[in-house]
Amino acid sequence: MRKALRLVVLLLFVSSITWAQTQAVTGKVTSSDDGMPLPGVNVVVQGTNRGTTTDAEGNYTLQIGADDKSLVFTFVGFRTFTTPINGRTTIDIAMESDITSLDEVVVIGYGEARKSDLTGAVAQVKGEDLVRVPSATAGEALQGRVAGVQVTTNGAPGSAPTIRVRGLGSVSSRTEPLYVVDGVLTDDITFLGSTDIESINVLKDASASAIYGIRASGGVVIITTKRGNKEQPRITYNGFAGFQKAINKVEMASGPEYIQLLNEKDAIAASRNNGTITPRDPANFPASTNWYSQILRETPLIQSHDITVAGGTEATQFSLGGSYFSQKGLASKTDYERINIRSSVESQVAKFLKIGINANLSNSNQNNAPANLFNAAYIAPPAIPVKLSDGSYASPQAFGDFPNPAASQEYYHDLTKGIRLVGGVFADVNLFKGLTFRTYYGADGNFNQNRKYIPYYFVSTTQRDTTRTLTRKIENYFTYYWDNTLTYKFNINEQHNFTVLAGMNASEQRFTMLEGRRQGVQDFGENTWYLNRGSQTGQFSDDAGNRYASLSYFGRLLYNFNERYLLTATLRRDESSLFPKDNRAAYFPSVGLGWVLSSEQFMADQNIFQFLKLRGSWGRMGNANIPPAQFIQETTTGGKYGVLFPGGSEAQQGASITTFRVSNLFWEFTEEVDVALEGEVLESKLSFELDFYRRITKDAIFSVTTNGALGATNTDYLANNADIVNKGIEASLTWRDQIADFKYSVSGVYAYNHNEVSSLAPGTLGIYAGNINVTPTTYTIAGHSIGEFYGRQVVGIFQNQTEIDSYVNGEGTKIQPNAKPGDFKFLDANNDGTINDKDRVFLGSAIPKYNFGITLTGGVKGFDLALDLYAQGGNKIYNARRYRQLGNENYDKNFYDNRWHGEGTSYDYPSADLSNNENKQANSWYLESGNFFKIRNVQVGYTIPSSVTSRIGVSKIRVYANAANPLVVFKYNGFSPEIPTPSARFNNLSDVDLNTTSQGVDTNVYPIAATYNFGVNISL
């Protein structure tokens, strides 16, 4: 008994010692990328097999002994993390991703592939990088992110940026890229916000894009919206609020300065006819109105809110979300508001069957500014007050037929409402191992309503409305896509890896438009603005529409041998009803080859390159984005075309061609060669990609002047008669590293592009465009870029009459005999002794030669920083705001300070008499550099420690401050050097002017806004 008691005491003693030597360690494991908890992480005591795994919240508890020194954390896709215990009872860690850029899976046409296996030029931008920029559309956030992608922003709320991939390859067809949103092909993504997007993949070269042959000539942008996962459902909120501020405002001449300039102008104008003037007395015009201040808001607000619920199980994954975006415009009475609802559900309903649905519903309201509002504010005389003493708007008519910009804005009502639904359903059927059949039906429905109303008002005899006109327009766009594909993945001997794709696509696009206009609609508030309240007298209506379809078959082979030798081959056959029956079908092949040099035996002993790949590709793409019915002759009949043939008893009806078009119009073909080198060096800390490409658009559709002898009413028609070349270099560099707790990355993209119309069919005339009033400023012809500026070369400013008299040709004849001191001195380019249109020369291109972007990110101890820089250059801008049509338009302060107003006062700027016919001809003085640099975005954030947030049941809280466009540096005398080029919507039968030959002409550019906002990211 005594022995038994001693044994019990001994056991209790040992147990107490053991208990004293062990303790519980708890903690939470999160991802260092986004701060989200990581479930299923293995937590093991180093050197033992004792361990545990984290739960769904990333939490763990583990018993350790006194001799245990360290814990080891392992998780697939993340770097192994080892940390000393050092007596701690709570150990929270953030694990770093171990997936390099080469391991990332990117979305390609009708499939996915690892970045390292690609043979084409494909770039990826993640949604988390897009949301940093507070913009209405995701397209704006792409600026400076992808080499070879030029994004020109437009400051108007809700407006779409101009996006071009590897230059401009067409004159008469749409030049924007094709957007593929969750499998649905579309031309417009303004309905999407950055918070809706999970990733964007840009297919830049023909090898990558040819799978979408019919519409891929402008590149392809594949967008994947947010998806579910196999984790416990989580709620996330992302939101910000802030204000905007117009920057780089154009300073205008004041009232007294304006009067001084008019007196100088009138004196010079009078001297041309040996006349005299009575100068205006500044005392009679005491006002000095800054019209820009009258039409611009000081600090318009901007806000965005997004809530997402995502999660799922092994069988079913879902993501549901909603967002709200609101932006007040810099211009008063302009704003944009959008509500989005999105959903994505995928479910493995059987072992062999997976089904899914995705939908994005958008509802938007947009209040628009009057046309040319900013140009009106530029030219309006500042010597006129905004309003008179009785409160009515003042008229600038004393100086000419100018509108009062503030009145134009006050009485103009233009509201556009839109509903957009983009989505689809799919089913994946696993027929047998490796072989999958997918059927997908997608639709894009866009329903827009526009209402314009102008009430009764009177400012002057030229600025008034007595008709009370109401216009309503309804436009409906609907497109459906039906894809059926078979994908077979297999390998031979574990070395030969194949992915074979075969598929078909059928699509149809429809457009309808109904417009009505009536006068006499009384104004009792906007709820009473309906057409039935107007007069039938003089009413107007219009009804239009079109419908066209396409049918496509395609196939692709992806092959790699031991992940060393790569092959991609595609072939697509498209048929489109947009072309004549005999020319509707076309084939679009491509081939890409890749060689992973770093996998070769001769590279085994080197330690410079961790990865090195050489790739090259060739491909052909098509462009069907032309106005409809361009091959159909239009005729008219009538009695005057009847004829009675000899021997006949009845008159035969004749017809006359009213609209002449070619009957054999066919596709534009774009062929491209791309050679590139990709690699990783310095322990994969530095990755690089260098591309060289040459893209040629063959048989480009070019405008041809109609022969007047044909008697047709159209002055030109479209035909295949041009070749257009874009060639350039692209470079991407990324450096990722960590110093102690500070993790950072620096990435940069650079692109250079040369654009040229390489040839025109014999007899084809060039295109004059970019008209300012009736004066063309651009000329498109072989040997030069599309829409290159064309005009007289200014070689100086005449300082006195002696200089005018001494500017003579070889025979002593005055070259500009009618000039006055202060006028432009033009180059006699053809040496004929006379200045006229034959002396016009090419003056530069509106197409940028280069652009680059730099992104810096860093983080330490919960703090993070992101900085985006962007620059663009090598292009010119035509400052058309300085053009004088009426004569008494206002001048900007830069002109006032630098103008010629006497001998020796200026050798670069002319006198104030810009309205003289010779001085306002297109010339080099109106051209300015389009180069600019800007801090695109800067953001500073802080993530509150999880040990704090977990107490309130929140997984993550991050707060941040952000500034977009806080600094934009440029020399151009305008609001912005980014001059957007509107694209035509070919659904509208009357809209066939793409303006690509008129780009870079600044008449009414919206100002740049700097945006300052604060935001928060919350995960529950």
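Predicted model, so just to flag it, every value in this text is computed and none were measured.

Topic: the overall build of the protein chain
So, step 1. Of the regular secondary structure elements, the protein chain holds 10 helices and 51 strands.
So, step 2. For 1020 residues, the compact-globule estimate of 2.2 N^0.38 gives 31 Å, and the protein chain sits close to it at 34 Å.
So, step 3. Taking the principal axes of the C-alpha coordinates as reference, the protein chain spans close to 140 × 85 × 70 Å.
So, step 4. When the 1020 residues of the protein chain are sorted by exposure, 52% land in the buried category.

What about the environment of N59?
So, step 1. By the secondary structure assignment, N59 is in strand β4 (residues 59-65).
So, step 2. With a relative accessible area of 31%, N59 lands in the partly exposed category.
So, step 3. Spatially, the C-alpha atoms of N59 and D92 are 8.9 Å apart, while their sequence positions differ by 33 residues.
So, step 4. Ignoring any residue separated from it by four or fewer positions in sequence, one finds N59 in contact with G27, K28, T53 and T54.

A short note on the sheet that holds strand β7 (residues 93-95)
So, step 1. Overall, mixed pairing links the 3 strands, which are arranged β4-β1-β7 in an open sheet. The sheet terminates laterally at β4 and β7, the two strands that pair on one side only. Pairs of neighbouring strands in the sheet enclose a mean axial angle of 40°, with direction left out of account.

Describing the nonpolar core
So, step 1. If you look at the biggest cluster of nonpolar residues, it comprises 64 residues, and the most contacted ones within it are Y292, F374, F399, Y878 and W925.
So, step 2. Leave out the neighbours within four places in its chain, and F374 touches Y292, I295, L296, A331, F975, N1004, V1005, Y1006 and P1007.

Details of the packing of aromatic side chains
So, step 1. In the structure shown here, the tally under the stated rule is 42 aromatic pairs.
So, step 2. Aromatic side chains Y768 and Y790 sit 6.3 Å apart centroid to centroid with 50° between the ring planes, which places their arrangement in the tilted category. Here Y768, found in strand β38 (residues 767-769), pairs with Y790, found in strand β40 (residues 788-791); they are 22 residues apart in sequence, far enough to count as distant.
So, step 3. We classify Y768 as partly exposed; its relative accessible area is 40%.
So, step 4. Note on Y790: relative accessible area 13%, which makes it buried.
So, step 5. Ring geometry for F895 versus W925: centroids 6.1 Å apart, planes at 75°, classification edge-to-face. You can see F895 sitting in helix α9 (residues 893-898) and its partner W925 sitting in the loop between α9 and β47 (927-929), a full 30 residues away along the chain. There is no split in this pair, since F895 and W925 are both buried.
So, step 6. Among the aromatic residues, ring-to-ring pairing joins F789, F824, F826, Y878, Y891, F895, Y909, W925 and Y926 into one connected group.
So, step 7. A cation sits over an aromatic face here: R884 above Y891, 4.3 Å from the ring centre.
So, step 8. Positioned above the aromatic ring of Y896 is the side chain of R899, whose terminal nitrogen or guanidinium carbon lies 4.5 Å from the ring centre.

Thoughts on the sheet that holds strand β14 (residues 184-186)
So, step 1. The strand order β10-β15-β16-β13-β14 describes an open sheet built from 5 strands, whose pairing is mixed. Edge positions in the sheet fall to β10 (122-126) and β14, since each has one partner strand and no second. Strand-to-strand twist in this sheet, taken as the mean axis angle between neighbours without regard to direction, amounts to 20°.
So, step 2. Looking at chain direction, strand β15 (residues 197-203) and strand β16 (residues 220-225) are connected through 6 bridges and run antiparallel. By the bridge assignment for β16, N201 is matched with I222.

Here we look at the environment of N446
So, step 1. Mapping N446 onto the fold places it in strand β23 (residues 435-454).
So, step 2. Sequence separation between N446 and E337 is 109 residues, and the spatial gap between their C-alpha atoms is 16 Å.

Some points on the UniProt feature "domain: TonB-dependent receptor plug" (unreviewed entry) in the protein chain
So, step 1. The sites that carry the UniProt feature "domain: TonB-dependent receptor plug" (unreviewed entry) are, in the present numbering, residues 115-220.
So, step 2. Along residues 115-220, the helical share is 8% and the strand share 26%, with 17 Å between the first and last C-alpha atoms.

Observations regarding the pattern of salt bridges
So, step 1. Scanning the entire structure with this criterion turns up 56 salt bridges.
So, step 2. Here R510 and E508 are joined by a salt bridge, their closest N and O atoms 2.5 Å apart.
So, step 3. Residue class for E508 comes out buried when judged on its relative accessible area of 9%.
So, step 4. Between E689 and R615 there is a salt bridge, with its nearest N and O atoms 2.7 Å apart.

As for helix α4 (residues 255-271)
So, step 1. Given a rise of 1.5 Å per residue, 17 residues ought to cover 24 Å, and the 25 Å separating the end C-alpha atoms of α4 matches this to within 8%.
So, step 2. Most of α4 sits inside the fold, with 12 of its 17 residues counted as buried.
So, step 3. As for α4, its buried residues are in contact with α9.

Structural notes on the pairing of strand β2 (residues 42-45)
So, step 1. Of the two faces of β2, only the one carrying V43 and V45 is buried; N42 and V44 on the other face are not.
So, step 2. Pairing analysis gives 3 bridges linking β2 to strand β3 (residues 51-53), with the strands arranged antiparallel. If you follow N42 over to β3, its bridge partner there is T53.
So, step 3. Two strands pair when backbone bridges link them, and β2 and strand β5 (residues 70-74) are joined in this way by 4 bridges, in the antiparallel orientation. Across the sheet, V43 pairs through a bridge with F73, a residue of β5.

Description of the confidence of the model for the protein chain
So, step 1. Overall, the prediction assigns the protein chain a mean pLDDT of 88, with 91% of residues at 70 or greater.
So, step 2. Here residues 7-20 scores under 50 on pLDDT; set against residues more than four positions off or in separate chains, the count is 0 contacts.

Description of the environment of G853
So, step 1. In this fold, G853 is placed in strand β44 (residues 850-860).
So, step 2. Residues G853 and F374, 479 residues apart in the sequence, show an inter-C-alpha distance of 30 Å.

Examining a nonpolar patch on the surface
So, step 1. A grouping of Y565, W595, F602, L614, V673, V675, L677, L690, F692, I729, Y750 and Y752 is seen on the molecular surface, where their side chains present a nonpolar patch of about 990 Å² in accessible area.
So, step 2. Those elements giving two or more residues to the nonpolar patch turn out to be β34 (668-681), β35 (686-705) and β37 (742-760).
So, step 3. At 3 residues, β34 tops the list of elements feeding residues into the nonpolar patch.
So, step 4. Note that I729 resides in strand β36 (residues 716-739).
So, step 5. Judged by relative accessible area, which is 33%, I729 ranks as partly exposed.

With respect to unusual backbone geometry
So, step 1. The phi torsion at N493 lies on the positive side, around 60°, for a residue other than glycine.
So, step 2. Position of N493 relative to the elements: it lies in the loop between β26 (469-492) and β27 (496-519).
So, step 3. Non-glycine residue A740 carries a positive phi angle of around 55°.
So, step 4. With respect to the helices, strands and loops of the structure, A740 is situated in the loop between β36 and β37.

A word on the side chain of S170
So, step 1. With respect to the element layout, S170 can be found in the loop between β12 (162-165) and β13 (178-181).
So, step 2. By relative accessible area, S170 is classed as buried at 2%.
So, step 3. Reaching out from S170, the side chain makes a polar contact with the side chain of E668 at a distance of 3.1 Å.
So, step 4. If near-sequence neighbours (up to four positions away) are discounted, S170 is found in contact with T175, N623, E668, I724, I786 and T996.

Reading guide: rules and limits
Residues numbered from 1 in each chain as written. Predicted model: local features only at pLDDT ≥ 70, side-chain atom pairs only at ≥ 80, totals over all residues. Heavy atoms only, no water. Helix = DSSP H or I, 4+ residues; strand = E, 2+ residues; numbered from the N terminus. Rg over C-alpha atoms; globule rule 2.2 N^0.38 Å. Buried < 20%, exposed > 50% of the residue type's maximum accessible area, 1.4 Å probe, protein only. Contact = heavy atoms within 4.5 Å. Pairing = 2+ DSSP bridges. Axes fitted to C-alpha atoms, helices over the stretch in contact; angles between N-to-C directions. Core = buried A, V, L, I, M, F, W, Y, C linked by side-chain atoms within 4.5 Å. Phe/Tyr/Trp six-rings, centres within 6.5 Å; stacked < 30°, edge-to-face > 60°. Lys NZ or Arg CZ within 6 Å of the ring centre and 35° of its normal. UniProt positions renumbered as here; feature names shortened; annotations may be inferred. Salt bridge = Lys/Arg side-chain N within 4 Å of Asp/Glu carboxyl O. Expected span 1.5 Å × (residues − 1). pLDDT = per-residue confidence, 0-100. Patch = residues over 30% accessible without salt bridge, like charges linked within 9 Å, V, L, I, M, F, W, Y side chains within 5 Å. Areas by Shrake-Rupley, 256 points an atom, 1.4 Å probe, with all protein chains shown as cover. Polar contact = N/O pair within 3.5 Å; in protein donor to acceptor, adjacent residues only side chain to side chain.

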